[in-house]
Every structure is written in structure tokens, then in C-alpha cells.
Amino acid sequence: MGRGYMVEEAVERYLSSLCSSSPLTGLLLGQSSAQRDFVVMATRTPQREACPLTPSPRDTLDMEWINEHARQVSRMLPGGLSVLGVFYISDAEAKDTLITLRQLVFAVQKSISRDLLWLSGDDDISERVTLHVNSTTRKTFCRTFDVRDPKSTAKPADWRYQSGVCGSWPMVWSCVEVEIPVSLPPRGARPGDLETSLQEGLKLWAQQIERGTFLLDGRKISEDTELTGPTKRNVKQSLQAQILTTPVCPGEQVSQVGASGGRVVLRGAVHTRAYLHGNKPTARLAEKALKRDLLSTVALRLNMVLEELMETQERDRLSLPTRVMCPLRGLGVGVCDYRFSDEGPLEVLDRLKEILDLEVRQEDLDHTQEEEAVTVETQPAPNEGVQRSELQAAVVPPLKPQGRSYIGAAMATVMALLAAAASLLYLDD
Amino acid sequence: MVYTDATVPENGIIWRVKGQLELRCYPESTDAIKKSISQTFETLRSQMKSESLVFTVCDSSVVIWPNKDVYSPHGEVSSNTLCEELQRWIKCFHYLFVYSLCVIFVCVGLCEHTYMYLCVCACMYVNVCMHACTFMCVCMFVVINLCLMKEVSRPGPLPVPTLTRTLQSGHALLTTLPMDCVIRSTAHQPIGVACNHLLDALTSQLSEMEKAALQNMKGTTLLVPEPYHFLLPEPRGLVTIVYPAGVPDSQLESHRKELHGRFDLPEDRPYFRKPNAFRFPDQVHKDGYLRNPHQVLTHPSLDNGKLYLVQGVYSYHHYMQDRMEDNGWGCAYRSLQTVCSWFQQQGYAERPVPSHREIQQALVDMGDKQASFVGSRQWIGSIEVAAVLDQLLGITSKIMFVSQGCELASKGRELANHFLTEGTPVMIGGGVLAHTILGVAWSETTGQIRYLILDPHYTGAEDLQVISDKGWCGWKGPDFWDQTAYYNLCLPQRPRIF
């Protein structure tokens, strides 16, 4: 008995439209649940600018590029949504492409997992879908693989198109204040100390969030409670969440005042959001999806500014990019992007087109969920050296990403930082 | 017959809030450490007024924002909800049986017999006057446990995070403070009032912790201040004292002296040693031994009789525990272990209950036995018990001797006085058996007597039902003793220390 995929009708139209540009790879996005899986969107792998078009089917696919695209896509998905699998459009026979598809789906999964700040729990679905579309006949061939099992074989799966798959999916959201203070070891110590210290701080903060108490709509409800759907069909249900935390206790009896070379503090608030499938979602799912989104959005934004922080010694204050939400019309779910303060909405629209192949109108972008950092540089008092600044009006120009989009920005060291942190954190039921 | 006092406190509610608060400061130099710590405590105190401070009621879905007057579930719980109504929301209650030993002065009862006592024993009279009547008062309290938390979610939108780096040679201190406050309320008080009291208690505990932290700082080492709850005689009830972590009781004597003075307590018995700390019902003893099994028994009532029982807490030690197969020879050792457990749990001794081997080794060390004694299955008697108590715990004992078991019936007065003034378990050995006497029921007028016996010969599991039903801990009459054998009793004396 294979898995059943309920697929948004728009995906069928999209895949059809791509057939003329075959061969083509891409990603399938949505949410998995124990009973069935929901595919809400598909996005093609964009052309790599330097390379010529249409490699022959025999050519090995540009795995590195596909993986990088998958990572970029993953970052633009709010909680609850993830890369469920891959598709491949070509004129070859379906059975001939199975090996390629298998290779593809494992590589993409591995690449995305490196970024995750948690280890998947036992109840996370590890089946990923591979879809082959024959560009001439438009016939689809759908199989799944268990990406946790390197020896897994293809299992048949059901691929069914339907309208309004995520029409009444509840959305859970919150505005969460983040405060991560990190003490730096004394000067003259090893150069990697800033990374290590931040890694420690992020880990502790993630533990606090993981253990934190979760409230939905102002109430503490038991994990197994099914969230009742909206009273009317197709009315968006929006649930505000709250998180209560307590410090992680080292349990020591004696504490030492140690030498320190300074400190780094991350302070501000983020908007966190998750979409839950409409098939009797539980409070546990809401908590898991939202907390994971919270960890992701902080970690990946920190990642975006970290390299700059490590390279320069002059910059003492960097603000993280703001999150721009982009609800997708007619779908019921949305995606997001990150905008630095010197960027305008056009850059966001460009990225949405390039990475997610979405045509979005400027008025559809929602910039209101987060405010820009109001930052400050004040003159340090003569005898005090560097000191903490007070809030005033000047906006400090923040870090710009290299190039117009994120694709191609190889941030290997920073990835290693977060990957190391990933092995230490996990969100589990 | 339990002697009751008319002023038994009304059944009330104990609120206990626990949580961690982060103490983080960055003193610029070692000279500035204390000032920096004080400033940080000031900040923590102001956080007690923060709107993001939250109490979650354990084992329930109730969440309270005391500084915002917000209660969840909204509409069902509010600041006017009565404390007793809040209990509906809690899944399991913690009932607290409080045995409080109150010392009152009996005027009337004694005066009639004063002249008799003067003839018998002058010092006993003094003792009796001072601690004229000991009674056990059973009060039932409900304990509501709360957890102190902080809400990190906010009504948005708010500015996005900024990463600020301050490079500055200095110092850093990071630790967490184990907050633990207790307040008492009546069932009819609204919970809003209780929450305000809890906030006050947290704020003042922070001040006490600041004092304890600064007083006990050694250079750059901070001893984390830890709260302990102690049950004092009514009407004081539970008080919370902050001690620095890791400091043994022997070094806290001056602190305790000040406390005894402050609370007007006699200096001849400990109230504020760490083992005296009050155990809440949800704090289970992890060692697996039963505590005070005699408390579930129905005590006998004699004509004009009174109860004189062991004061405080002991553990039940008996055959076959700790994987030690001492069936048939270890009864006196087990009784000794019960006695040692009493001294340890009342705070008179810091060392744990000794094993058979340690007991034997102590006797060898004293020169009382040959080296081959260690590891043997030889019996010991009251004399050895007294010697080991002295050697290992520094406790002196009185030995009482009866040449015939039937004479024990006439020892009512001595035993009653022992339990009144010392309150320690008594080890009795004679014939071929050893037992522990936990108390007597004795009538001065009729001379009737019953003995509360804890039997170390039990070989089963720690099953309170079996132990009480089958009389392993139970009341026995004078015919319990071998009427012709001679008996030695070891009556351990409570050190007059605090």
C-alpha cells in the first residue's frame, strides 16, 4: 500500500507548461502527514546562467546546482511546508529515469537536511516522492523512496489532482522576542571563538524554545487535541500562538566569574508562521511546525549576516533582514523571503520569480509582520571604550548579500557552523 | 487517644512557585564584581513586575499573568476565582500531612501532681514543666505548585533582531538562581491576592539571595544561593531561608543562631539544618525506604492514657534490605540503622546510615571486637549499639536494664519521659531478639501500657499495607516481651545543639 498524494490542480497546469522546456528538474512542495501527503506547489530548477540550455538527457544532471536551488527554496518556506520530493520532465521512458530520480531525491534531501536545526523525529515522515512526467504524452509516473534508508527501493504511490487542497489549512503564527546573549572568551584566544560562542548560544536558546510551553489562542491545550476547522469552508483560520520559556539550568552549585573578551547579543523580534494540513491537525503538529519555523528563521538570518560579522572588525552592529510574507492567491498558503533594508520590494519579487518561479504582484507582499531594526550608533563616552548603544533614529546600512540573489553564494563555513549545531539540537515529539 | 489542641490551624492552601532566573552580569574588573551583581539583582527584582512574567499551574491548563491580570482559560478563571475553586483545575492534589510538634505548657494537669514529681526526680520535673505535653497535630493542606516562566511572544509587529558586538576585556558571570517560594492562603481568598503575595515573596527572596551571594563570595567564586523551607511550630508555619550552596551545616552555625533568635526558638534542638528541610508530598524519597510507617496506625486509647511517640522522621530498616542477607542475625544492626536514620534526618548527623560492615568495623576500631568480627554474622546488643552510636555519630545513650521482661510494664514513666524529652527511637535487646520501640501509650493512673514496636525481623518488600496489617509496625502489650528474659534498652540522647 503506497502513499497517497493529493496535489493542487494548479501544479498539473504548471507541469504541463514546463513540458515544452524539457528536460527539466524541479521540486515538489507541500506537507506530509501520517495518512496522506499534500503537494501545494511545484517549482522548476532555474537555469544556471553560465551554462548552455538543454543538456541531453544522458548528461548527468547538475546536482550541485539542483541541491543549491533546493536549499534556497527550503528557506523560503514557512513552517509546515517543505520539499516533499522532486520531479523530472523528459521524453524518456519512465522506467529509465527511476535511477536518476532516486539519485536526485536522496541528494536533495541530504542537502536540505544539512541546514536543519533539528534531527527528524521518529514520527517525521521519511518518504519522499519522485515524479516523472513524460513531456510528449504528459503521463506521470509517481514513486516514493524512504530517504532514511539508503537501500530503499521505489514504492508505488497515488498521485491525484484536486482543487482547493490547502484552501482551509489553518495558519499558526506568533511574534516572538529573541534574546540570545553570548559571552566571548578573552582576546587572543583561538580565531574560531566567535563561531563557537554563537553556536553555544544558539543551541541553548533552541533548547529553551523546544522545552517551552506552547499556548494556542491564549490556551494551554493538550497535544492530542484536534484543532477544529473553521466554521465556514474556505475561511482562513488564523491561530495566534504564545510561547513561555524558562532558562535552561546548568544545575551547578558554584559559579565562577570568568575573564571575558566581550559579548555578542542578538536581540529583537521575529514573525514566525506555520501552515497545518487540513486533515484533523493536532495541537502537537502546530507546536512542532511553529517551533521549527522559529528556529529556522532565526538561524538562517543569523547565517546571512554572520560571515560579514566574522570578516570585519569595524562593524559592531548588524541587523538581520526582515521577513516578507507572500500569501499565494487562490492557494491558502504562502511563502516568504528576507529583505535587507537597502532592498526594495522589486528585489523580493525578482527572487520569488527566480527561485520559486512565482509571478507575484507587489501589492500581494506583506511587509507588515516585522519592522526594520531601529539602530543606533552613539559616540562612546571618552573614558569608557566601547559600550552598549542607546536606541536612536539612525539606520545603519546592513549587510547586502553578494549578487542579486542568494543562489551561488557559497557560505560553506557558515553552513558548517550550523550543521555542527544541528547535530546538537533536535525537536522531537 | 490522640491529645488534641483546640487551636488546630484551619485547613488552608499552600502555594509554591519554583523556577529559574538567569543571573548574568559583566563586571568590568574584579573590584566591580559585587556592585555588578547587585545591579543585576536590582534588574531581576524589577523583572518581577514585568508583564511577560507568567505562572503556570502545574498539572493543569491554568496560566496566569499576574502583572497583567490576565488568566487563562479566559472567561473561566479570573483574579476573583477563589483558591478552593482553582483546585478543580488541577489533576492531582498534594495533600500534606503535617505533623507539627508543638510544645505547650500544661499548667493544670501537672500542678496536682507536682509534689509527687518533686520527690521522684527534680530534673525530670524541670523537663516536664518545660515540655509539658507533646501532641501531634494533623493538619491537611492542599499544595498548589506553580512554575515561574517568561513569555517570549509579543503582540507584534516589532523591530527585527540586531546583532550587537561589544569587544571589551572584562569579566562575565552566568548562573541560574533556583527560585522557590511558598505562601499560605485560605480557601476563600481570591487567587489574585495569592498571586500578589507570590510576587512579593519572589521579590524578597531575590533580596535574600543577593545578600547570601554577596556575603559568601570568595574572590571570584559565587556560591549559588539556595532556598530551603522549614516547618516551624505554629503559628509560624513554613518559613523559607536562603543558604549558600555547598556549605555544610557545620559552617552555618552563626547563621542558625541568628535564625533561632529571630524566630524565638530554643537552642537545644535543630530547626534549620539542611536535613530538617520540609519535604513536600511530591518530593519522593529516592532511597526506597519507608518513612514513619507508624503514622498509618490507629493508636490505642487507654483510660487516662496518653501517647508518647518518637518525634520527627526515621526510616524503616529491616532484614534482607540492601541485598544484605542478615536473616536470623542482623536484627540489632537493623534497629541501630533505624536509630541512625533518625539522627541523620533530624540533622544531627551528616553521615549516611551505616552498613553492617561499617557497624562491625566501628566496633573493631574501638577495640571492642577482634578484627575477625568484620564480615561475620555475630549478634550485637544494646551496649554495642550505644558504643557505635557514640563512635560513628557522636551520640551518647542511656542504658536501661531490666532483669526480667515482666518488669518492662513498670517502665512506663521512664519511657514516656524519654519520648517527651528526647523523642528518639529506642533499641531494645533481650532474649534472642532485638526490636525498636517507637513510643508508648501509658496511663499514669492505671499503669496500663502499650508499646509501639518496629520489628526488624520483617523480610518482605517496602509494602506499607503489609507492614501495618501484619503488625511488623504495631502496638503490642506487655506480654510481647519474654517475661523471664533480661532486657537491655539503649535510649539515645538528643544532643542539645542547633
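Residues numbered from 1 in each chain as written. Chains lettered and ligands numbered in written order. Predicted model: local features only at pLDDT ≥ 70, side-chain atom pairs only at ≥ 80, totals over all residues. Heavy atoms only, no water.

Draft legend 1. Inspection of the environment of L266 of chain A at higher detail. Residue placement: L266 of chain A occurs in strand β13 (residues 258–275). Overall, the relative accessible area of 2% leaves L266 of chain A in the buried class. Each C-alpha atom, one on L266 of chain A and one on L318 of chain A, is 9.4 Å from the other, the two residues being 52 residues apart in sequence. L266 of chain A has contacts with V178, E179, I180, V298, L302 and L320 of chain A together with P161, T162 and L163 of chain B, leaving out every residue within four places of it along the chain. (Helix = DSSP H or I, 4+ residues; strand = E, 2+ residues; numbered from the N terminus. Buried < 20%, exposed > 50% of the residue type's maximum accessible area, 1.4 Å probe, protein only. Contact = heavy atoms within 4.5 Å.)

Draft legend 2. Expanded view of the interface of chain A and chain B. Contact residues are listed per partner, giving 66 residues for chain A and 55 residues for chain B. A buried area of about 5,400 Å², summed over both sides, lies between chain A and chain B, and 53% of it is on carbon and sulfur atoms. Summed over the shared surface of chain A and chain B, the number is three salt bridges. The salt bridge partner of R219 of chain A is E76 of chain B, with a shortest N-O separation of 2.9 Å. There are 28 residue pairs in polar contact (both at pLDDT 80 or more) connecting chain A and chain B. Sorting the residues of the side of chain A that touches chain B by element identifies β9 (171–184), β10 (213–216), β11 (238–245), β12 (254–256), β13, α5 (283–311) and β14 (317–319) of chain A as the ones contributing at least two each. With 13 residues, β13 of chain A is the single largest residue contributor to the side of chain A that touches chain B. Pairing of β12 of chain A with strand β9 (residues 221–223) of chain B involves three bridges; the strand directions are antiparallel. Among the inter-strand pairings, Q256 of chain A is bridged to a residue of β9 of chain B, identified as T221 of chain B. (Buried area = accessible area lost by both parts, 1.4 Å probe. Salt bridge = Lys/Arg side-chain N within 4 Å of Asp/Glu carboxyl O. Polar contact = N/O pair within 3.5 Å; in protein donor to acceptor, adjacent residues only side chain to side chain. Pairing = 2+ DSSP bridges.)

Draft legend 3. Molecular detail of the packing of helix α8 (residues 331–345) of chain B against helix α9 (residues 356–365) of chain B. All names here are of chain B. Remark: α8 packs on α9, axes separated minimally by 10 Å, with the N-to-C direction vectors making an angle of 95 degrees. The pairing of α8 with α9 is recorded here as roughly perpendicular in orientation. For the pair α8 and α9, contact is made by Y333, R334, L336 and Q337 and by H356, I359 and Q360, respectively. (Axes fitted to C-alpha atoms, helices over the stretch in contact; angles between N-to-C directions. Parallel < 35°, antiparallel > 145°, perpendicular 65-115°, else oblique.)

Draft legend 4. Representation of the pairing of β11 of chain A within the structure. All names here are of chain A. Burial analysis of β11 places six of its eight residues in the buried class, the great majority of the element. The sheet contact formed by β9 and β11 spans three bridges and is parallel. Looking at the pairing, W173 lines up with Q240 of β11. Here β10 runs beside β11; their pairing, made up of four bridges, is antiparallel. Its bridge partner lying in β11, F214 is registered against I243.

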